[in-house]
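A look at the structure
Spelled out from the first residue to the last, the chains are:
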Amino acid sequence: MSHLSERPEKPVVGVSMPHESAVLHVTGTALYTDDLVYRTKDTLHAYPVQVMKTRGRITALRTEPALAVPGVVRVLTVADVPGVNDAGMKHDEPLFPDEVMFHGHAVAWVLGETLEAARLGAAAVEVELDELPSVITLKEAIAAESFHGARPVMVTGDIDAGFADSAHVFTGEFQFSDQEHFYLETHAALAYIDEAEQVFIQSSTQHPSETQEIVAHVLGLHSHEVTVQCLRMGGGFGGKEMQPHGFAAIAALGAKLTGRPVRVRLNRTQDLTMSGKRHGFHADWKIGFDADGRIQALDATLTADGGWSLDLSEPVCARALCHIDNTYWIPNARVAGRIAKTNKVSNTAFRGFGGPQGMLVIEDILGRVAPLLGLDPMELRKRNFYQPGLGQSTPYGQPVPQAERIAAVWQQVEENGGIADRRREIAAFNAAHPHTKRALAITGIKFGISFNLTAFNQAGALVLIYKDGSVLINHGGTEMGQGLHTKMLQVAATTLGIPLHKVRLAPTRTDKVPNTSATAASSGADLNGGAVKNACEQLRARLLQVAASQLGSNASDVRIVDGVARALGSDKELAWNDLVHTAYFQRVQLSASGYYRTEGLHWDAKAFKGSPFKYFSYGAAAAEVEVDGFTGGYRIRRVDIVHDVGDSLSPMIDIGQVEGGFVQGAGWLTLEDMRWDTSDGPNRGRLLTQAASTYKLPSFSEMPAEFNVTLMENATEEGAVYGSKAVGEPPLMLAFCVREALRQAAAAFGPAGVSVELAAPATPEAVYWAIEAAREKADVRGGDGPALGGSGIRTDTSALSNA
């Protein structure tokens, strides 16, 4: 086992424990960015001047009326920017735009003594526009050829030969929805200037270093003149990876110009109308199978809705292409990606980062064509799994290690869930209930872990040991409720060999650990854990020398366990506090800067080939649903999950992540229906689902009545910190099973073998129309075989007849 993966005697990692801030969360004493306003004197409040038109050039911007409002201190416009007027990394996101690009675009910001004064001031600003045509939907963008950014193509094998060898060929299209992050804490920043003209910003950001960089170039400063701190976030889910930078820059600019602290906090409607979402996608596809139902070829084009600027759309699109295979070997493939430019908010990172979109395409295809092939969907999926020992690689050329885990987790779900018996019970129930149907579906996942961009796969840490034996750790990761800080405390205590209570963690700050990557790509524990472990190993090595001199032994024979140093074969021992005290008086350095970089990664973005991922996370989930044939209403009766997290660093945290990720995925696929005004009226481009009253989030009522989560055992990941695997994003894709179960339940209202098209999200309305379509198939069946060419799928009948 590698040095990085090996666990010492009595490790603190692997022990189930609550989140380090759990008590603070439930008692309301945990501080978030906006809570700090009430501890800051003379704070000004910033409020956006939003233009409620979808697109147009600004011909006049009159701020004088706002300055006449009592309590208004200043209006920020482009004329106030001393540096670069841009809030993004692609230089296509002007902080103060001269052209409105989406409905609700902020063109200026008002600073007021109170939030109400700033709001009234913003309402008084007069903006005139020369309105321009807009593109709202993906289909409009495709028709207008409105695209931006890279257009990657992933090719493997010989696609023409693959289709020629296929006994069955199907073609179709699929469009599915975007998703709102709906973190509990909206975007927030608080900035002030100290006596040395240094800029200090408290920000709810997943990427403090990039927030620092953007603020610096907006203000015309160097990065060492700007410090960004993130205490914690009330949720992020990717929505705070790129998008907080502009809001922090507004706060910093206001503070620089007024000399007073400035607070930016969006209310919920502002957050919904101004910040980006998960990318909705459109897919055109053609797929070929052999006579046994094994995939021979896939030709697909994925179009992501990027919104008005690029943000992270290019890597999101790339990751979607890299995950279209999911758990299935596709020997011949050509998959193209492109990014639609629409007049909507700039879509951004969201848990899974394109992976869910790519995987959903192949899962939807298999769910739709299984009845047409005369196969049970579970059987079709299993026949196409990657197989160990056959040298199979992904369409982008990366070998698939641990491929045996794909079938292993699936089999464990079948056993844990008693799937065979329950499917017989479901068949009996459906036969006896003409107006209510049940169904059970299983789906699996294979999700690559690492940033697409190789350079981001690095991290730093700073660990300090004080004379009294207490330890303070700093790392570059941010805490958004996912438990990263809890895991880092466990990693530090394990590496040093001391009890957990001796370790404390400091807030994430750019002046402690520089040049950090975003806490994203499920890599927070891998990267920062590696860096914390490296720093602690340096300190432990120094302390072992001190202990050896005190115990009369060689340093290689000394172990520190539970805060006590002992030499092998000796009864002598030295308490941790005494060891640290002795080290100080021997002038041994008691601080260390740690570093970690993920090895073995390489990626050619132009050729779309390489090994961009350190490893894959695997999982499988089964969902049983019950559907009402009159309304399309449904409930999730039971969910069984087996998920691979390697050797868990913190099992309670990881199980919580699996549960939360699954529920968020089920929300995206079944409930969260974003609606935009696509009419040609005065509100064209307006987001219609602007609040929790109109945007349906999963809640307790949508939770399965029975929810079983099992972490895969004996699953050590060689070459990862203490043998663990990432857990943040992969579980979201386990929720595919819910949508597939709903598809099968809707099909149960029709004749045997019917193929059903189901929208995403599969709302009760969508399920109802799927049920109606299944019922209608009874009149168009041909013979006793499966219905052909249904549910929007175009079938190559010549291939079928030649099979």
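What counts, and at which threshold
Residues numbered from 1 in each chain as written. Predicted model: local features only at pLDDT ≥ 70, side-chain atom pairs only at ≥ 80, totals over all residues. Heavy atoms only, no water. Helix = DSSP H or I, 4+ residues; strand = E, 2+ residues; numbered from the N terminus. Rg over C-alpha atoms; globule rule 2.2 N^0.38 Å. Buried < 20%, exposed > 50% of the residue type's maximum accessible area, 1.4 Å probe, protein only. Contact = heavy atoms within 4.5 Å. Areas by Shrake-Rupley, 256 points an atom, 1.4 Å probe, with all protein chains shown as cover. Lys, Arg positive; Asp, Glu negative; His and termini not counted. Charge placed at Lys NZ, Arg CZ, Asp CG, Glu CD. Pairing = 2+ DSSP bridges. Axes fitted to C-alpha atoms, helices over the stretch in contact; angles between N-to-C directions.

This next bit is on the overall build of the protein. In terms of regular secondary structure, the protein is built from 20 helices and 30 strands. Here the protein has a C-alpha radius of gyration of 28 Å; the compact-globule value for 803 residues is 28 Å, and the two agree. If you line up the protein on its principal axes, its C-alpha atoms span 90 × 80 × 50 Å. Looking at the 803 residues of the protein, the share that counts as buried comes to 61%. Of the contacts made within the protein by residues no fewer than 6 positions apart, 81% connect residues no fewer than 24 positions apart. Total accessible area computed for the protein in this model is approximately 29300 Å², and 51% of it derives from carbon and sulfur atoms. Averaged over its 72 positive side-chain charges, the protein has a centre that lies 2 Å from the centre of its 91 negative ones.

The next point concerns the pairing of strand β10 (residues 199–203). Of all five residues that make up β10, five are buried, and the element is covered over most of its length. The pairing of strand β9 (residues 188–193) with β10 spans five bridges and is classified as antiparallel. Among the inter-strand pairings, Tyr-192 is bridged to a residue of β10, identified as Phe-200. Between β9 and β10, which pair antiparallel one after the other, the connecting turn spans five residues, and Glu-197 there sits at a positive phi close to 65°. Pairing of β10 with strand β11 (residues 226–230) involves four bridges; the strand directions are parallel. Its bridge partner being in β11, Ile-201 is matched across the sheet by Val-228.

Now for helix α9 (residues 313–322). Of all the ten residues making up α9, eight are buried; the element is thus mostly covered by neighbouring parts of the structure. Within α9, the full set of buried residues consists of Ser-313, Val-316, Cys-317, Ala-318, Arg-319, Ala-320, Leu-321 and Cys-322.

With respect to the helices and strands, the residue Ile-214 is situated in helix α6 (residues 208–219). When the C-alpha positions of Ile-214 and Val-226 are compared, they lie 10.0 Å apart, and in sequence the two are twelve residues distant. Look past the residues within four positions of Ile-214 in its chain and what remains in contact with it is Asp-86, Ala-87, Gly-88, Met-89 and His-245.

Moving on, we come to the sheet that holds strand β2 (residues 56–62). For sheets, the rule is that strands pair by backbone hydrogen bonds, running either parallel or antiparallel. Read from one edge to the other, the open sheet built from three strands follows the order β4-β2-β6, with strand pairing classed as antiparallel. Each of the sheet's edge strands pairs with one partner strand only, and the pair in question is β4 (99–100) and β6 (126–131). Alignment of β2 against β4, held across two bridges, turns out to be antiparallel. Note that in β4 the partner of Gly-56 across the bridge is Val-100.

Read from one edge of the open sheet, three strands run β21-β22-β23, paired in antiparallel fashion. Lying at the two open borders of the sheet, with one neighbouring strand each, are β21 (558–561) and β23 (573–575). Shown here is a sheet whose adjacent strand axes are inclined to one another by a mean of 20°, direction ignored. Looking at chain direction, strand β22 (residues 564–567) and β23 are connected through three bridges and run antiparallel. For Ala-565, the partnering residue across the bridge sits in β23 and is Leu-574.

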